[in-house]
Amino acid sequence: MYEKFKFERIALSLIDLDNRNPRIVTQQRLASEAEILEYFFEHEDLASFLKTIAAEGRNPGAERPYVVKDGKRYVVVEGNTRIAAYKLLTGQLTAPAQYANAVPLVSQSVKDELVSVDVTIAPSRDALMPIMARAHFGRGDKSTWSYLGSRKAVYDDWKSGKSIGQLSNIFDRTQGAIRDLLLEYMLYLEALKLDWTPAEREVLLRPSIEFNPPVRFLQSTGHKQQVGIELDKVNLEIRFVASDSKAKLKHLMKRTVIESNGPSATASYDEVFGNYVAPTGNYGAGDGQSGSSASGSNGNGNGSSGGGTGGGPSGGGTRSKPHALFTYAVKRHDLTLSQLMKEAKGLNTKTYPAAGSALLRSIVEVLLKLIIEEKNLNHQGKLLDLEGALNVVIGKGNMGKDDIRVLQEFKKSHLSYMNLSAHATVVPNYSRLMMARDCIDSFIKRNL
C-alpha cells in the first residue's frame, strides 16, 4: 500500500489548505484559505494550537502531514490545523480580523524553522483515504472526524460520481456500511429542509451536532414504521410514507437533538412522541414518495429530490419500485435503451433477481454498443457480445480513467455472473446482482 508514498521536506509556501477536509462540515464548500482559517478558529480551537506551537516549538514526532500533489503545489489532506498554524506564525497567512490577537509573536529563528515541513506525499487522495478513515472514523472526539464529517466525506465522494464499490475501497468499509453512512447523511439533509426557527437552524448547522441520537432511535425495532420513514439501502432513498412523516421527523429532531435535556437515543417511542401533536393538513410527503434519493441527490436522476412534494420519478408520473435497478433519466435518444431503463425503474429486483440480472446485462450491453457506434470503434462490423463490447470500449473507447476502472472491475468481478445467470447456469441471486449493479452504477450514470 505504501510503496508509492514519498517522504520529503518541502517549502511551507507550496502547501495549500484543503477545503475538502472531512473536519469541515458546512453546507457550502469554503471558498478560500481565509474562510478555512475562520472555521478552524471557531470550531477546531486553532488559537490553542497556535499557543502550543509558539511555546513548545515544532514536535518532529507529530510532524509528517500527508499531502497530495496539485500541479506544482501540494494540498495538505491530513494535518490542516498544523499547516494553518505554521502559515499564521510565519506570516504566510493572516488571521481573520476578529482572531488577529490570537496569533502569538515568535522569533525569527522559530519562523525560519517553520518555513519548510517534513511531509508524506501520497500518490493520490483516494490512496490516502483508507489510511485516514481507519484512523478517524468515529463519533466526535478530537482524534476522529465528527459524526457528520465522516458521513459527509463519503457523501461528497458519492455525489462526485464514485460508485458504492469504489467508496468501499476508498474508505475501507463494507458496501453495506457505505450505504448506511450515505443514508444517515441524507436523513440529515432532509431534516435541514424542514421549517426551523433561526435559533433551531443554527443548532442543526453546528459542525459538532450530535446527529447520532435520531439515527439510533430509528434503528430500534418498529420505530421507522411508527415515524413513517423508510431508509431504502438498495436505491439509496429516504422515503416519507405517511402524511405526517416529516412532522414526526421534525419532532424527533427537536426532542433528541435540539432540546438539551431531551430523551436519549435508546428511549421508547412513547418517551419521544408522548407529547407529539399531529399537524392539521398534509405536512409531509406520504404514499411512498421519497425525499433524498440516489438519483435526485446526484443530479442525474429523475426522482423527486425536493422533499417529496412532486409525483415521483418522471416519465408519465410513474414512481420507481422499491429495489428498482436504476432510476436515472435517459439522455440518449435510443428507443431500446429508453425501454430498458423504464423497466429498470419499475422492476422489484429483490422479488425478481433473475429478471433484474438479465435486465442489467442488457442495459450494459446496449449502452456499450451505443458508445462503440458513436465513436466508430467497430470498423469491421463484428458481432459483439458483452465481453467483446467491454474489451472494445476499455481498449479503444478513449473513456475517462474512472470509467475505465469501473469497466475493468465489472469485467473482472461480475461478467461471469452476468453470463452464467443469463444462460441458466447459476441461480440468480439478489445480493450478487446488487454487487454488479453497484460496480457499474457510476458508469451508467455518467454515460446514459
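Basis of the calculations
Residues numbered from 1 in each chain as written. Predicted model: local features only at pLDDT ≥ 70, side-chain atom pairs only at ≥ 80, totals over all residues. Heavy atoms only, no water. Helix = DSSP H or I, 4+ residues; strand = E, 2+ residues; numbered from the N terminus. Buried < 20%, exposed > 50% of the residue type's maximum accessible area, 1.4 Å probe, protein only. Areas by Shrake-Rupley, 256 points an atom, 1.4 Å probe, with all protein chains shown as cover. Pairing = 2+ DSSP bridges. Phe/Tyr/Trp six-rings, centres within 6.5 Å; stacked < 30°, edge-to-face > 60°. Salt bridge = Lys/Arg side-chain N within 4 Å of Asp/Glu carboxyl O. Contact = heavy atoms within 4.5 Å. Axes fitted to C-alpha atoms, helices over the stretch in contact; angles between N-to-C directions. Parallel < 35°, antiparallel > 145°, perpendicular 65-115°, else oblique. Left-handed = near helix turned anticlockwise from the far one by under 90°. pLDDT = per-residue confidence, 0-100. Core = buried A, V, L, I, M, F, W, Y, C linked by side-chain atoms within 4.5 Å. Expected span 1.5 Å × (residues − 1). Bend = angle between axes of the 7 residues up to and from the residue.

Caption draft 1: Region of interest: the overall build of the protein. Looking only at helices and strands, the protein features 19 helices and eight strands. Counting across all 448 residues of the protein, residues that qualify as buried make up 52%. Carbon and sulfur atoms make up 49% of the accessible area of the protein, which amounts to about 20700 Å² in all.

Caption draft 2: View of the pairing of strand β5 (residues 116-122). Of all seven residues in β5, five are buried, a share of seventy percent or more. Sheet topology places strand β1 (residues 6-11) next to β5; six bridges connect them, and they run antiparallel. Residue pairing for β5: Lys 6 is matched across the bridge by Ile 121. Judged from the three bridges that link them, strand β3 (residues 66-70) and β5 form a sheet pairing that is parallel. Along β5, the bridge assignment pairs Val 68 with Ala 122.

Caption draft 3: Here's a closer look at the packing of aromatic side chains. Under the counting rule described, the total for this entry stands at ten aromatic pairs. Pairing Tyr 155 with Trp 158 gives two aromatic rings, centres 5.8 Å apart and planes at 50°, and the pair type is tilted. Highlighted residues: Tyr 155 and Trp 158, both in helix α6 (residues 147-159), separated by three residues, approximately one helical turn. On the basis of relative accessibility, which here comes to 2%, the residue Trp 158 falls in the buried class. Among the aromatic side chains, those forming a connected cluster through ring pairs are Tyr 155, Trp 158, Tyr 185, Tyr 188 and Phe 211.

Caption draft 4: Region of interest: unusual backbone geometry. For Asp 172, which is not glycine, the phi dihedral falls at a positive 55°. Checked against the element boundaries, Asp 172 lands in the loop between α7 (164-171) and α8 (175-192). In this structure, Leu 236 is a non-glycine residue whose phi angle is positive, near 55°. On the basis of relative accessible area, Leu 236 is assigned to the buried category, the value being 3%.

Caption draft 5: Geometry of the pairing of strand β6 (residues 229-232). Pairing of β6 with strand β7 (residues 237-240), which is carried by four bridges, proceeds in the antiparallel orientation. For Ile 229, the partnering residue across the bridge sits in β7 and is Phe 240. Counting the residues in the hairpin turn of β6 and β7 gives four residues, including Leu 236, whose phi is positive at 55°.

Caption draft 6: Here's a closer look at the pattern of salt bridges. For the structure shown, the criterion picks out 22 salt bridges. The residue Asp 157 makes a salt bridge to Arg 20 at a minimum N-O spacing of 3.1 Å. Linking Asp 157 in helix α6 with Arg 20 in the loop between β2 (15-16) and α1 (33-43), this pair joins segments that are 137 residues apart in sequence. Residue classification places Asp 157 among the buried residues on the basis of a relative accessible area of 7%. A relative accessible area of 34% places Arg 20 in the partly exposed class. The partner of Arg 179 in a salt bridge is Asp 438, with the nearest N and O atoms 2.2 Å apart. Here the residue Arg 179 occupies a position in helix α8, and Asp 438 occupies one in helix α19 (residues 430-447), the gap between them amounting to 259 residues. Both residues of the pair, Arg 179 and Asp 438, belong to the buried class.

Caption draft 7: Focus on the sheet that holds β1. One open sheet accounts for five strands, arranged β1-β5-β3-β4-β2; its pairing is mixed. Every interior strand has two partners, whereas the edge strands, β1 and β2, have only one. Along the sheet face, helix α5 (residues 125-136) touches β3, β4 (73-78) and β5 and points at about 25° away from the line of β4.

Caption draft 8: Structural detail: the environment of Leu 249. Examined against the element boundaries, Leu 249 turns out to sit in helix α12 (residues 245-258). Note: C-alpha distance between Leu 249 and Ile 229 (20 residues apart in sequence) is 8.4 Å.

Caption draft 9: Geometry of the packing of helix α16 (residues 353-374) against α19. One way to put it is that α16 packs onto α19 with a least axis distance of 10 Å and a crossing angle of 25°. With respect to each other, α16 and α19 are oriented roughly parallel. Here α16 runs over α19; the crossing is left-handed. Two secondary-structure elements touch here, α16 through Pro 353, Gly 356, Ser 357, Leu 360, Ile 363, Val 364, Leu 367, Leu 368 and Ile 371 and α19 through Tyr 430, Leu 433, Ala 436, Arg 437, Ile 440, Phe 443, Ile 444 and Asn 447.

Caption draft 10: Up close: the confidence of the model for the protein. Residues with a pLDDT of 70 or more make up 88% of the protein, whose mean pLDDT is 84. Within the protein, helix α14 (residues 294-298) has the poorest average pLDDT of any element, 42, and β2 the best, 94. Low confidence marks residues 295-318, where pLDDT is under 50. Its contacts with residues over four positions away, or in another chain, come to 63 contacts.

Caption draft 11: Just the nonpolar core, in detail. Counting 90 residues, the largest nonpolar core has Leu 46, Leu 88, Phe 171 and Leu 182 as its most contacted members. Among the elements that line this core, the one with the most residues is α8, at eleven residues. Contacts of Leu 182, omitting those with residues within four sequence positions, involve Val 154, Tyr 155, Trp 158, Ile 164 and Leu 236. The next biggest cluster of nonpolar side chains, apart from the first, holds 43 residues, and it includes Leu 359, Leu 370, Leu 415 and Ile 444.

Caption draft 12: View of the side chain of Arg 437. One can find Arg 437 in helix α19. Residue classification places Arg 437 among the buried residues on the basis of a relative accessible area of 5%. The residues contacting Arg 437, other than those within four sequence positions of it, are Arg 179, Val 234, Asn 235, Ala 324, Leu 325, Phe 326 and Leu 360.

Caption draft 13: Focus on helix α18 (residues 401-422). The end-to-end C-alpha distance of α18, which contains 22 residues, comes to 29 Å, matching closely the 32 Å that a straight helix rising 1.5 Å per residue would cover. At His 414, α18 shows its largest kink, close to 60°. What α18 keeps buried is the set Asp 403, Ile 404, Val 406, Leu 407, Phe 410, His 414, Leu 415, Tyr 417, Met 418, Asn 419 and Ser 421. Downstream of α18 by one or two residues, Ala 424 has phi in the positive range, about 60°.

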